[in-house]
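Chain residues, written in single-letter form:
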Amino acid sequence: MVTNESSTFDIGDETVHRLGYGAMRITGENIIGRPDDEDEARQVLRRAVDIGVDFVDTADSYGPGVSERLIRESGITEDALVATKAGLLRNSDGDWLRHGDPDYVRNQALVSRDRLGVDSIDLLQYHAPDEDVPYEDTITAFAELKDEGIVDNVGVSNVDVDHLETARDHVDVVTVQNQYNVGNREHEDVLQACEEYGIGFMPYFPVGAGDLGSVGNALDDAAAAHDATRYQIALAWLLAHSDVTLPIPGTSSIDHLEENVAASGIELTDDEYARLTDH
Ligand SMILES: NC(=O)c1ccc[n+]([C@@H]2O[C@H](COP(=O)([O-])OP(=O)(O)OC[C@H]3O[C@@H](n4cnc5c(N)ncnc54)[C@H](OP(=O)(O)O)[C@@H]3O)[C@@H](O)[C@H]2O)c1
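Figured I'd write up the structure that's included with this text. Computed from a predicted model, the values in this text were never measured in an experiment. (Residues numbered from 1 in each chain as written. Predicted model: local features only at pLDDT ≥ 70, side-chain atom pairs only at ≥ 80, totals over all residues.)

Considering the overall build of the chain
When helices and strands are tallied, the chain shows ten helices and eleven strands. Computed over C-alpha atoms, the radius of gyration of the chain comes to 18 Å, within 12% of the 19 Å expected from 2.2 N^0.38 for 279 residues, which places it in the range of a compact globule. Within the chain, the proportion of its 279 residues that are buried is 50%. In the chain, of all internal contacts separated by at least 6 residues, the share reaching a separation of at least 24 is 74%. (Helix = DSSP H or I, 4+ residues; strand = E, 2+ residues; numbered from the N terminus. Rg over C-alpha atoms; globule rule 2.2 N^0.38 Å. Buried ≥ 20, exposed ≤ 12 C-beta atoms within 10 Å, placed from the backbone. Contact = placed C-beta atoms within 7 Å.)

Take a look at the structure:
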């Protein structure tokens, strides 16, 4: 049976396996509304926990609300640390609008806590900086939510190093979530800051949202050598690249979920790692 062999990382008082699961893909098309088969979505979530995933990422804006509801209905909130997010809202076109108003964030945190059916949110992340609201004002709302026990831990997302430093001035930041994968390392400086501070770095689009085309032969060669897929090699590279990476591959499929978790058992050779890193 596939099992999560990734090493562990401490998030606040909790210890989780570094390879997690991203629950954005269990909603309807364009991350709006319900999936075609809600029971299948709940099965993916339960299967994740059954094979050793104990760290699940979601957001109030996934659905909106659908991903968080399915997480509660699947009964996994006792078995996994659930990281959700606030600060983006969806309009009628499905656009993602940044909304960092402190009262809105507080409101959404209370909604998420209720929808997830938990006493306190394990980890609440500020989804993306809103240029119309000073970053420190929104982060202060997150700090207050933590002080009041509504959330246990605070994280940030879609940030540069300056945002991270500002956030750290106001609250203990335990995770950063930025776009990052073997083919897109724009946020290497943010990852390095996370390493320096011992903060978890959650690379989103860890398998390039299904497209790792730019990486080329290094992926194909390593995949052939390990009898693995390109996606698995991309995940193995993320786990090998830093001790603080917490990849959260997203999928609506049990087969892909098992394939992704099995990547935790792949050990790249030094040569494979170097070729992937330098591609
Ligand atoms: N903070 C942010 O702004 C932000 C933005 C985007 C995402 N996220 C988070 O990051 C998580 C991961 O991002 P993501 O889901 O967009 O991207 P991803 O994990 O890189 O890729 C997911 C896509 O790849 C496919 N896929 C996954 N595993 C596969 C496999 N083994 N073989 C073939 N195809 C595979 C999935 O399709 P199938 O469903 O068919 O498997 C899905 O379309 C999300 O779930 C979400 O929690 C955060």
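What follows picks up the thread again.
Quick notes on the pairing of strand β9 (residues 154-157)
Alternating positions in β9 separate into two faces, V154 and V156 on one and G155 and S157 on the other, with burial throughout. Examined bridge by bridge, strand β8 (residues 123-126) and β9 share three bridges and lie parallel to one another. Considered in β9, the bridge of Y126 is made with V156. Remark: the β8/helix α4 (residues 135-147)/β9 crossover connection has right-handed handedness. By the bridge criterion, four bridges tie β9 to strand β10 (residues 173-179) in an arrangement that is parallel. Bridge assignment links S157 to a residue of β10, and that residue is Q177. (Pairing = 2+ DSSP bridges. Right-handed = clockwise from strand over helix to strand, strands pointing away.)

Considerations on the sheet that holds strand β5 (residues 81-86)
Taking strand neighbours across the sheet as the criterion, the seven strands line up as β3-β4-β5-β8-β9-β10-β11 in an open arrangement whose pairing is parallel. Sheet topology places β3 (21-22) and β11 (200-204) at the edges, where each strand pairs with a single neighbour.

Describing the nonpolar core
Core analysis: the biggest nonpolar cluster contains 80 residues, and V56, L124, F142, A234 and L235 have the highest contact counts within it. By residue number, the principal contributor to this core is helix α8 (residues 230-241), which donates eight residues. (Core = buried A, V, L, I, M, F, W, Y, C linked by C-beta atoms within 7 Å.)

Some words on the site of the ligand
Taken together, 25 residues form the shell around the ligand, and within it G22, M24, Y204, G250 and T251 come nearest. No other element matches the three residues that helix α9 (residues 254-262) contributes to the shell around the ligand. Split by residue class, the shell around the ligand holds ten nonpolar, twelve polar and three charged. (Near = placed C-beta within 6 Å. Nonpolar A, V, L, I, M, F, W, Y, C, P; charged D, E, K, R; others polar.)

Remarks on helix α1 (residues 38-50)
In this model, α1 (13 residues) spans 18 Å end to end at C-alpha, consistent with the 18 Å of a helix rising 1.5 Å per residue. Considered for burial, the residues of α1 that qualify are A41, V44, L45 and A48. Looking down the long axis of α1, one finds its buried residues gathered within 95° of arc, a one-sided arrangement. Where α1 is buried, its residues contact β3, β4 (55-57), α2 (66-74) and α9. Looking one or two residues beyond α1, the residue adopting positive phi is G52, at roughly 100°. (Expected span 1.5 Å × (residues − 1). Arc of directions from axis to C-beta.)

Some words on unusual backbone geometry
Residue P64 is reached from G63 by a cis peptide bond, and omega for that bond is -25°. Its place among the elements puts P64 in the loop between β4 and α2. Unusually for a residue other than glycine, I31 sits at a positive phi of about 60°. Residue position: I31 is located in the loop between β3 and α1. Residue D227 is not a glycine yet carries a positive backbone phi of 50°. With respect to the helices, strands and loops of the structure, D227 is situated in the loop between α7 (217-225) and α8. Residue classification places D227 among the exposed residues on the basis of 8 C-beta atoms within 10 Å.

Some details on the pairing of strand β1 (residues 8-11)
Residues F9 and I11 point to one face of β1 and are all buried, whereas T8 and D10, pointing to the other face, are not buried. Strand direction decides the pairing type here: β1 and strand β2 (residues 14-17), joined by four bridges, are antiparallel. Paired with I11 across the two strands is E14, which belongs to β2. Here β1 folds back onto β2, and the loop between the two strands holds two residues, one of which, G12, carries a positive phi near 60°.

Some details on the packing of α2 against helix α3 (residues 102-116)
Any two packed helices are characterised by the angle at which their axes cross and by the distance between the axes. Here α2 crosses α3 at 30°, and the two axes come no closer than 8 Å. Two secondary-structure elements touch here, α2 through E68, R69, I71 and R72 and α3 through S112, R115 and L116. Of the residues contributing to the contact of α2 with α3, the split by class is two nonpolar, one polar and four charged. (Axes fitted to C-alpha atoms, helices over the stretch in contact; angles between N-to-C directions.)

As for α2
Every buried residue of α2 is listed here: V66, S67, E68, L70, I71 and S74. After α2 finishes, the residue G75 shows a positive phi value of roughly 75°.

A word on the environment of L19
Tracing the backbone through its elements, the reader meets L19 in the loop between β2 and β3. Between the C-alpha atoms of L19 and V44, which are 25 residues apart in sequence, the distance is 15 Å.

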